[in-house]
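Each chain, letter by letter, is given below.
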Amino acid sequence: MTDNSPAHSHTSSQSPARELSRPLVPVLWLVLMASPVAAANNATVLILDDIGTALDTTAATASWLATVFALALAVATPLQAALMRHRGRPTVLFTSAALVAAGTLIVLVSPWLPLAVAGRATQAAGGAGLNVLAIALAGSARRIGAISAGMGLFGAVSPLIGTQLTDVLSWRVALSMLAITLIAVPAVSRRAAPGAAGTDRFDAWGALLVAVLSGSVVMVASNPLPALAATAISIIWLIIHTRRRPDGYVPVATLRSARFQTATCLTLALSAGYFTLLFVIPQLLITRAHWTKEAAATGQLVAMVLASLTTLGFTSIAARLSRTNVRIVLVAAGTVAVLAAVLASVPVLLLAGIFLALFAATSANATQVIAATASVPEQDKPTAIGLFTLLYLLGGAIGPALASALVL
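The residue count restarts for each chain, going from 1 along the sequence in the order it is written. Local features are withheld for residues below a pLDDT of 70 in this predicted model, meaning they are given only at 70 or higher, and side-chain atom pairs are given and counted only at 80 or more; totals for whole chains, interfaces and linings count all residues. Processing note: side-chain calculations cover all non-hydrogen atoms of the structure and skip hydrogens and water entirely.

1. Details of the overall build of the protein chain
Right, so step 1: Strands are runs of DSSP state E lasting at least 2 residues, helices are runs of H or I lasting at least 4, and numbering of each runs from the N terminus. Scanning the protein chain from N- to C-terminus turns up 19 helices and zero strands.
Right, so step 2: For the exposure calls, accessible area comes from a 1.4 Å probe over protein chains only, and a residue counts as buried if that area is under 20% of its type's maximum, exposed if over 50%, partly exposed in between. Burial statistics for the protein chain: of 408 residues in total, 53% are counted as buried.
Right, so step 3: A separation threshold of at least 6 residues defines the contact pool for the protein chain, and within that pool the share at least 24 residues apart is 82%.
Right, so step 4: In short, Shrake-Rupley with a 1.4 Å probe defines the accessible areas, and a residue's cover is counted only from the protein chains shown. For the protein chain, the exposed surface amounts to about 17400 Å²; the carbon and sulfur share of it is 69%. The contact rule is simple, with two residues in contact once any of their heavy atoms fall within 4.5 Å.

Okay, structure coming up:
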């Protein structure tokens, strides 16, 4: 016993040093691991009619494949952050990879829409873990900006790729693009430090209440009265629960931070605007400008690629700007994007709308996470990042639901 203790003590004391000395995972691997989530989310934008026809339903009903994916992605994100805190990075990496593989298989073989939706939810749960892990391994705002820009680029090309895959192969293949992320898993597993696992007890009730609240918010667009009732009840119970357990799944210190509140509310609004316009703009190009589906997809692709490159440039200089000036740019871009969708019929203005919406949302995701966690206690930072990402992704669940109510 005495012989083993010094060795154990020496190993424990040296492991943080070894972890700090380990080189960062190359950012391109992190981009490849995180970005296909955006492709999987956006792949349905122009093929809902095809999916509805194949499954003998409407495009609005088929949009549940997008809504549930985005909702599961949002809800699973803080859960995966908690798993990483409790079990370490390797557990998140391999569990998430298995979920992506299983969900993709279900989507490929499912003969029914409900089962396909379940497959999409499984995919999203795995994609959430890989996304959380990529952000945790990034290590700097510039590298987070590169991941956000990569997600924008993948999201930009995926509607057109989804259309082409549907025409040539099947809509099932189009909804399987998330499997690309599995290419990065072996490289990341070799290079990533394992991280420390916590010993605190998991707050299951807090996690359940956050999941119910997230789902209720998403359902407001399609079922206002029951969704608003469920939202109100969830908020009341969550307030009661956080008072009983202030350091649980939703730390009170984080919620009371004015910086956290401002950054997350701004990001949620810009995210919801972008994910709504992502589905609305192609339909407006078809109805107002009389473009074909392929032309709308190509035009939106070009606008979104340019927006992603602009995000990469903006996030690289954002640290030299004041927080107020950064937010002025983001709010102005998001506002003009919505006005373009509401008022414009000229194609270039509609495309400018999706350009500005994507730029505002992805730039907010990269810049506001730092502002959101600046005043949060150090032990709560991983949880704060998970909750911030939850609210950004919640916009991705609200968007398809709003688009379905507005134009589908």
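2. So, unusual backbone geometry
Right, so step 1: Backbone geometry places His290, a non-glycine residue, at a positive phi of 60°.
Right, so step 2: By secondary structure assignment, the location of His290 is in the loop between helix H15 (258–287) and helix H16 (293–317).

3. Focus on a nonpolar patch on the surface
Right, so step 1: Patch membership requires more than 30% relative accessible area and the absence of a salt bridge. Residues of like charge join within 9 Å; the nonpolar side chains Val, Leu, Ile, Met, Phe, Trp and Tyr join within 5 Å. The rule for a salt bridge is simple: a side-chain nitrogen of Lys or Arg has to be within 4 Å of a carboxyl oxygen of Asp or Glu. Among the surface-exposed residues, Leu153, Val302, Leu306 and Leu309 lie close enough to one another that they form a single nonpolar patch of about 330 Å² accessible area.
Right, so step 2: For the nonpolar patch, the element with the highest residue contribution is H16, accounting for three residues.
Right, so step 3: If you trace the backbone, Leu309 turns up in helix H16.

4. Observations regarding the packing of aromatic side chains
Right, so step 1: To pair, rings of Phe, Tyr and Trp, with the six-membered ring standing in for Trp, must have centres within 6.5 Å; the planes then decide the type, stacked if under 30 degrees apart, edge-to-face if over 60, and tilted in the middle. This structure, assessed with the given rule, holds three aromatic pairs.
Right, so step 2: Aromatic pair Tyr274 and Phe275: ring centres 4.7 Å apart, planes at 55°, arrangement tilted.
Right, so step 3: For Tyr274, a relative accessible area of 4% corresponds to the buried category.
Right, so step 4: By relative accessible area, which is 7% here, Phe275 ends up buried.
Right, so step 5: Considering the side-chain rings of Phe275 and Tyr392, the 6.3 Å spacing of their centres and the 70° angle between planes classify their relative orientation as edge-to-face. With Phe275 in helix H15 and Tyr392 in helix H19 (residues 381–406), this pair connects stretches of sequence that are 117 residues apart.

5. Regarding the packing of helix H6 (residues 64–87) against helix H8 (residues 113–138)
Right, so step 1: Viewed as axis vectors pointing N to C, H6 and H8 meet at an angle of 40°, and their least axial separation amounts to 7 Å. The angle between H6 and H8 places the two elements in the oblique class. The way H6 lies across H8 gives a crossing that is right-handed. Every angle, taken between N-to-C directions, lies between 0 and 180 degrees, and every axis is a line fitted to C-alpha atoms, over only the stretch in contact when it is a helix. Should an angle fall under 35 degrees it is taken as roughly parallel, and over 145 as roughly antiparallel, whereas 65 to 115 is taken as roughly perpendicular and any remaining angle as oblique. Helix crossings fall into two classes, left-handed where the near helix is turned counterclockwise from the far one by less than a right angle and right-handed where it is turned clockwise.

6. Re the environment of Leu349
Right, so step 1: Mapped onto the secondary structure, Leu349 falls in helix H18 (residues 347–373).
Right, so step 2: Sequence-wise, Leu349 and Ala337 are twelve residues apart; in three dimensions their C-alpha atoms are separated by 9.0 Å.
Right, so step 3: Ignoring any residue separated from it by four or fewer positions in sequence, one finds Leu349 in contact with Ala340 and Ala344.

7. Some thoughts on the packing of H16 against H18
Describing two packed helices takes the angle between their axes plus the distance from one axis to the other.
Right, so step 1: Axis separation between H16 and H18 bottoms out at 8 Å; the angle between their running directions is 35°. As H16 packs across H18, the resulting crossing turns out to be right-handed. On the side of H16, the interface is formed by Gly299, Gln300, Ala303, Met304, Leu306, Ala307, Ser308, Thr310, Thr311, Phe314 and Thr315, while H18 contributes Leu351, Ile354, Phe355, Leu358, Phe359, Thr362, Ser363, Ala366 and Thr367.
Right, so step 2: Grouping the constituent residues of the contact of H16 with H18 by class yields eleven nonpolar, nine polar and no charged. Nonpolar residues are Ala, Val, Leu, Ile, Met, Phe, Trp, Tyr, Cys and Pro. Charged residues are Asp, Glu, Lys and Arg, and all others, Gly as well, are polar.

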